[in-house]
Structure formats: C-alpha cells, structure tokens
Amino acid sequence: MLDATKLRGILPATPTPVTADGTIDVAASKALFSWLFRQGIDGLVPLGGTGEYGALAKDQRIRFAELSVEAMAGAGGKRGPVIAGVLDTGYYDALAAGRDFAAAGVDGLLVLTPYYTNPTQAGIRDYFLRYADESPVPILIYEIPYRTRIAIDPEILHELSRHERIVGMKACNTDMYHFLRTVAGVDQSFAVLSGEDTLFPLHVAAGAKGGIVVTANLLPRAWQLIHGLASTGKLDKALEIHRTLIPLMNMAFAETNPGPMKSVMDLVGVEAPAMLAPLREPAEPLKRSLRRELSRLLVTYEGMPVVQTA
C-alpha cells in the first residue's frame, strides 16, 4: 500500500508517446521507461498534464497506465510507485477513471482539484475526503492554480493531510509563502512533493520530500543530484546546479508542455514527437535551440556522447 514513506526523490511526470493517429506508441513508451529506469528514477507519474490527459481517449489512458505498471514491475528490482493522474472535471468521471487505473495496477492516484465549478474551500475539502473514502488506492492532491484557477488554503490541506488515504500532494502553487504555510502544518503521514521544476531546490529545502519533475525525463541524474544536495542542507550547491538548467527550463516551457520536451526526446532514445490536439509540435527555432542545449547538458550530467545538432 502506497504511503508517504514511498514518496521520495525524483518521480518524472511522464509524457505519453503517441502515433499519428493518437494511439499509444508502445515501442516509444518502452524506450522511455527503459531510459528512466537506467537512470535510477524513484517512480513514475503518467497521465498528468505532461501526459496530455485531456486529449487522450479513455481507452488509451488505461493502456498507458497498464504499460507504466508493467514497466515498473519489470524494472530489475527498482520498484517505485506508479501514480496515475486523474484530471477529470466531475467527481463521478474522476472516480471512474481512478478505479480504471487502480484495476490496471497503479499504486496511487494524483487527483486534480475540481475546477470550472469554482468551488468553495469547504467544497474542495469535501471533494477530496469523499474521493479518498471511495478510491480503491491512496491518493495525492494535485494543486496547480495557474492551470485551474483553484488554490487550496493551507489550513484545508492540513486537515486533508490527516486522512489516512490522502498520502501526499503535488505542489504547483508558485507562491512560496503558501508553500511554507502548507509544509508547516501537514501531518507526518503526508508527503509534499514539488511540482515546479523552476522552484524545486527551494521547495526541497523548505520541506518537500522530492518532486514530480517534468524535465527529469530529459536529465534525471541532474535532478537527482539537485535533490540530494538540497535535502542534505547543501542548498547553495543545489542552486548552483539548478542555475545551469535555467536555459533548458525556459525553452522547455516556452510553448505548452510537453511539446518542446517531446520534440527532443530522441536524444535520449525516445522517438515520439507527435502531439494531440489542440496542442501541436513547437516552432522549429525553439526545437533547434532546445536540442543544442539538451545535447550540452546530457554530456555534463548524464555522461552521454556529444550529439551533432543543426
């Protein structure tokens, strides 16, 4: 059973490799998992925003959850959790999706705050308490107000953290004071994970146990190094390394994620640049710049040979 002690380190928010017809590219998915496991990541978080949840057909979401579970189970003894995103707008659809993913074998669910309906804080609290009671597996709260326009008051998060089946959260609120207030009052049975590549070392220094990190798909060892330093009090060194990734992060998020990242993942052996509507592949100048920067960083942090790029 998933609990907070298993929510540690670097868990990449994985993209979903797809073919031109919008179905899962199985070969590319296996290549992605193989790359991440060789680099020693601590878990997988498929089917979030990076995984283009809203654009995938339901059966393809379930298929990718199954592939993620199969890959983790065969990962040579490196058994980290698989935590599937649930990004539906309504409670009943969200619960049905969670049950489908649990049947596929995931360890936990990353459940997005209810949005569009503009709920009160009491409504948000009730939503997560009810979901946790009915979910077949433990859940993490996914708070990302710059996407949903819904933030959760730290006091509500403190209350939710005491529920035995709510084991953590992905924190994407870029307000650092909100983060500090949240971490200060959550239960010891609850793990806060950073969801912001750009703030990750600060979040870890302030109490995050690790992170659900997008660009860890490209540079897992760099992010593991930053985590190790920040979590052992070496924040100055963690920030020094983090600064070397700023140009890459600027480009990776210059157009809507995961388009830029998908366009260069062939550099780590994953050939699947296709995007799902309404997203599209990024502009060529951005792809070229990102490719040059990633090639340089792969040499520095992943020990990979220099790749000639245009």
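Every value quoted in this text rests on a predicted model; they were computed, and no experiment measured them.

Caption draft 1: Representation of the overall build of the chain. Along the backbone of the chain there are 13 helices and 7 strands. The C-alpha atoms of the chain give a radius of gyration of 18 Å, which matches the 19 Å a tight globule of 310 residues would have. When the backbone C-alpha atoms are referred to their principal axes, the chain occupies close to 55 × 45 × 40 Å. Within the chain, contacts between residues separated by at least 24 positions form 73% of all contacts whose residues are at least 6 apart in sequence. Of the roughly 12500 Å² of accessible surface on the chain, a fraction of 52% belongs to carbon and sulfur atoms.

Caption draft 2: Spatial organisation of the pairing of strand 2 (residues 83-86). Burial along strand 2 is two-sided: Ile 83 and Gly 85 and Ala 84 and Val 86, pointing in opposite directions, are all buried. After leaving strand 2, the chain enters helix 3 (residues 91-104) and then returns to the sheet as strand 3 (residues 108-112), a path that is right-handed.

Caption draft 3: Quick peek at helix 10 (residues 235-244). Looking only at helix 10, the buried set comprises Ala 238, Ile 241 and His 242. Relative to the axis of helix 10, the buried residues are bounded by an arc of 105 degrees and lie together on one face. Facing away from the buried surface of helix 10 by more than 90 degrees, the exposed residues are Asp 236 and Arg 243. Residues of helix 10 that are buried in the fold lie against helix 8 (200-206), helix 9 (220-230), helix 11 (246-252) and helix 13 (284-301).

Caption draft 4: Structural context of the pairing of strand 3. The element strand 3 is extensively covered by neighbouring structure, given that 5 of its 5 residues are classed as buried. As defined by bridge partners, strand 2 adjoins strand 3 across 4 bridges and the pair is classed as parallel. Bridged to Val 86 within strand 3 is Val 111. Pairing between strand 3 and strand 4 (residues 139-143): 4 bridges, direction parallel. Note that in strand 4 the partner of Leu 110 across the bridge is Leu 140. Each parallel crossover has a hand, and the one from strand 3 via helix 4 (residues 121-134) to strand 4 is right-handed.

Cut-offs and rules
Residues numbered from 1 in each chain as written. Predicted model: local features only at pLDDT ≥ 70, side-chain atom pairs only at ≥ 80, totals over all residues. Heavy atoms only, no water. Helix = DSSP H or I, 4+ residues; strand = E, 2+ residues; numbered from the N terminus. Rg over C-alpha atoms; globule rule 2.2 N^0.38 Å. Contact = heavy atoms within 4.5 Å. Areas by Shrake-Rupley, 256 points an atom, 1.4 Å probe, with all protein chains shown as cover. Buried < 20%, exposed > 50% of the residue type's maximum accessible area, 1.4 Å probe, protein only. Right-handed = clockwise from strand over helix to strand, strands pointing away. Arc of directions from axis to C-beta. Pairing = 2+ DSSP bridges.

So yeah, pure geometry; function would need other evidence.
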